[in-house]
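# Report on the structure
This is what each chain is made of:
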Amino acid sequence: MKDLLVKINAEIDTFRAEAESLTEKGVKAAGPRARKATLEIEKLLKEFRKVSIEESKK
């Protein structure tokens with residue numbers, strides 16, 4: 001599970017950086033990269049939910 005948390009945090013950092021580039025610096029190419037990161041975050045969070053439910057059943 002720790003590896004999963006590292007991946008989640010890395011994607012959140014990527015999203016933050018790309019969203020900041022888009023909103024504060026006006027880098028339009030950062031928009032698609034930020035949206036891509038949100039999709040990956042969503043996928044990882046679903047995996048986290050699944051793993052955490054399995055862990056709580058032990």
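Data block above holds the structure.
Heads up: these notes are all about the structure in this document. Just so you know, these numbers come straight off a predicted model, no measurement behind them.

Note that Glu18 resides in helix H1 (residues 2–25). A distance of 2.9 Å separates a polar atom in the side chain of Glu18 from a polar atom in the side chain of Arg33. What Glu18 contacts, discounting residues up to four positions off in sequence, is Ala30, Arg33 and Ala34.

The next subject is the pattern of salt bridges. Summed over the entire model, instances satisfying the criterion amount to five salt bridges. A salt bridge links Glu18 to Arg33; the shortest N-O distance between them is 2.9 Å. Residue Glu18 is located in helix H1, and its partner Arg33 is located in helix H2 (residues 30–56); the two are separated by 15 residues in the primary sequence. Arg33 gets classed as partly exposed once you look at its relative accessible area, which sits at 40%. Lys43 is the salt-bridge partner of Glu40, the closest N and O atoms lying 3.5 Å from each other. Placement of both Glu40 and Lys43 in helix H2 is noted, with a separation of three residues, approximately one turn of the helix. According to the relative accessible area criterion, Glu40 is partly exposed, its value standing at 27%.

Each value, and the rule that gives it
- Along each chain, the written sequence defines residue order, and numbers are assigned to residues from 1.
- Predicted model: local features are reported for residues with pLDDT of at least 70 only, side-chain atom pairs are reported and counted for 80 or more only, and whole-chain, interface and lining totals are derived from all residues.
- Each side-chain value is worked out from all heavy atoms of the structure, with water and hydrogens disregarded.
- A helix here means a DSSP run of H or I that spans at least four residues, while a strand means a run of E at least two residues long, and both kinds are numbered starting from the N terminus.
- Between N or O atoms, a polar contact is any pair within 3.5 Å; within protein, one atom must be a potential hydrogen donor and the other a potential acceptor, and residues adjacent in sequence are included only when both atoms are from side chains.
- Two residues qualify as a contact provided that any one of their heavy atoms is within 4.5 Å of a heavy atom in the partner residue.
- The working definition used for a salt bridge is a side-chain nitrogen of Lys or Arg within 4 Å of a carboxyl oxygen of Asp or Glu.
- Burial here depends on accessible area, computed with a 1.4 Å probe over protein chains only, as a share of the maximum for the residue type. Under 20% is buried, over 50% is exposed, and the range in between is partly exposed.

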